[in-house]
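# Observations on chain architecture
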Amino acid sequence: MRYKVSHRTRFRYAHPVAFARCNLRLQPVEWSGQTVHDHRLQLSAGARIVGTRPIGYLGHVTRMVVDKPSREIVIESIFRIDVDRPTPEPRADDPTIAEIAALVRASTDLGPEGPANYIYPSPSIPLDPEITAWCAEDLAADYGIVEAGLALATRIHASFTYDGSATAVDTAPIEAFEKRHGVCQDFAQIMIAGLRGAGLPAAYVSGYLRTIPPPGKERLVGADATHAWVVIWCGPVRGWIGFDPTNACLVGSDHIVTAMGRDYTDVAPIDGVFTGQDGQKIDVAVDVEPIG
């Protein structure tokens, strides 16, 4: 499937901003089963790019500077991408939970996709005994890794309520866990906390998800959103496999990977600072359009 993706972010300020510096993590990575074409950034007048480099994990960060007084900043990321990723399935010969935990402890790969980078607590995902114990019900030592990951994603989906007003971008996993409410970021970070609590390599993925309108309804342009899910290293043969606890599914061709890191802070689409008075409004519109 080929998609055209547009991600438009508009910042409006009550008073002119004298200076702003932002990190843009909007350029999608080359990932198994996807090929990126023609990525470009379109910025409003007064904004300029000062460089792009890899993030510490898997992705790209572009530095943007605004050094002319502005009351509005618009950032739009546009690209085409081919996604040909069959949805994986559990197999009888999958490594067990115990085998994956042993393999990752012996791994010496410290590259961006090295599994040893993703077994430790990270700034936004500390280990918590309550989350670890709850997730452990699906992570017995002799369970196959793919079957166990899907079971955990499915239980999170069944046990938690999607609620965009329940949490904020900096809500700790244990707070969302106790509320049993949250959004895709919360569900992904709870799942990762539980997996790492079991000694398993789990990473946070930021990207996009194709949404399919109900029968008889037209697709709403700009109504899609960024999405987050989990990838688990399932051994040297199967590699990284995606699990979406928001939708209780394994990740296939409807998911588009932008970046992979330890948690949201590594791969946030946009962050930064500005100097000026308070009063800021942010509007985001994402469109994921199948084009062939």
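What you see is a predicted model, and the numbers here were worked out from it, not measured in a lab.

## Concerning the packing of helix H3 (residues 145-159) against helix H5 (residues 184-197)
To characterise two packed helices, one gives the angle between the axes of the helices and the distance between these axes. Remark: H3 packs on H5, axes separated minimally by 11 Å, with the N-to-C direction vectors making an angle of 135 degrees. By the angle class used here, H3 and H5 are oblique. Crossing geometry of H3 relative to H5 is assigned as right-handed. Contacts between H3 and H5 pair Gly149, Leu152, Ala153 and Ile156 from the former with Phe187, Met191 and Leu195 from the latter. In the contact of H3 with H5, the residues fall into six nonpolar, one polar and no charged.

## Details of empty space enclosed by the protein
Overall, the coordinates contain one cavity of 30 Å³ or more when judged by the stated rule. Residue lining of the largest cavity: Leu24, Leu26, Gln27, His39, Leu41, His60 and Thr62, and that is the complete set. When contributions to the lining of the largest cavity are tallied by element, the ones reaching two or more residues are strand E3 (34-43) and strand E5 (60-66). Residues of the lining of the largest cavity, tallied by class, amount to three nonpolar, four polar and no charged.

## Section: the layout of surface pockets
Leftover empty space is mapped by rolling, across the atoms, a probe with the size of a water molecule. One number sums up the size of the largest pocket: a volume of about 890 Å³. Element by element, the count of residues in the lining of the largest pocket is highest for strand E14 (residues 270-275), at five residues. Here the residues of the lining of the largest pocket are counted per class, giving 20 nonpolar, 13 polar and three charged. There is about 310 Å³ of room inside the second largest pocket. Lining the second largest pocket are 17 residues; nearest its centre among them are Trp31, Ser32, Arg85, Trp240 and Ile241. Looking at the lining of the second largest pocket, the elements with two or more residues in it are strand E10 (226-233) and strand E11 (240-244). Looking at the lining of the second largest pocket element by element, the count peaks at three residues for E11.

## Overview of the sheet that holds strand E6 (residues 70-83)
If you trace the four strands from one edge of the open sheet to the other, you get E3-E6-E1-E15, paired in antiparallel fashion. Looking along the sheet, the strands with just one partner apiece sit at the ends: E3 and strand E15 (280-290). For this sheet, the mean angle separating the axes of adjacent strands, direction not counted, is 10 degrees. Direction of pairing for E3 relative to E6: antiparallel, over a ladder of eight bridges. Bridging from a neighbouring strand, Gln42 pairs with Glu76 of E6.

## What about the environment of Glu30?
Here Glu30 lies in the loop between strand E2 (19-24) and E3. Between the C-alpha atoms of Glu30 and Leu58, which are 28 residues apart in sequence, the distance is 9.4 Å. Excluding residues that lie within four positions of it along the chain, Glu30 makes contacts with Thr35 and Val36.

## Observations concerning the nonpolar core
Core analysis: the biggest nonpolar cluster contains 53 residues, and Met191, Leu195, Phe243 and Met260 have the highest contact counts within it. With eight residues, H5 is the largest single contributor of residues to this core. Contact partners of Leu195, with chain neighbours within four places excluded, come to Leu139, Leu152, Leu200, Ala202, Val230 and Ile232. Among the nonpolar cores identified, the runner-up in size contains 23 residues, and Val17, Leu26, Met64 and Ile81 belong to it.

## Examining the pairing of strand E9 (residues 202-209)
Most of E9 sits out of view: eight of its eight residues are buried. Bridge count between E9 and E10: seven bridges; the pairing is antiparallel. The partner of Val205 across the bridge, within E10, is Trp229. Pairing of E9 with strand E13 (residues 255-261), which is carried by six bridges, proceeds in the antiparallel orientation. Along E13, the bridge assignment pairs Gly207 with Val257.

## Remarks on H5
Helix length check: H5 (14 residues) gives 20 Å between terminal C-alpha atoms against 20 Å at 1.5 Å per residue, within 8%. Burial runs high along H5: 13 of the 14 residues are buried. Gly199 occupies a position one or two residues after H5 and carries a positive phi of about 80 degrees.

About the criteria used
Residues numbered from 1 in each chain as written. Predicted model: local features only at pLDDT ≥ 70, side-chain atom pairs only at ≥ 80, totals over all residues. Heavy atoms only, no water. Axes fitted to C-alpha atoms, helices over the stretch in contact; angles between N-to-C directions. Helix = DSSP H or I, 4+ residues; strand = E, 2+ residues; numbered from the N terminus. Parallel < 35°, antiparallel > 145°, perpendicular 65-115°, else oblique. Left-handed = near helix turned anticlockwise from the far one by under 90°. Contact = heavy atoms within 4.5 Å. Nonpolar A, V, L, I, M, F, W, Y, C, P; charged D, E, K, R; others polar. 1 Å grid on protein atoms, 1.4 Å probe; cavity = no way out; pocket = protein on both sides within 12 Å on 5 of 7 lines; lining within 4 Å. Points joined across faces, edges and corners; volume = space filled by probe spheres on them. Pairing = 2+ DSSP bridges. Core = buried A, V, L, I, M, F, W, Y, C linked by side-chain atoms within 4.5 Å. Buried < 20%, exposed > 50% of the residue type's maximum accessible area, 1.4 Å probe, protein only. Expected span 1.5 Å × (residues − 1).

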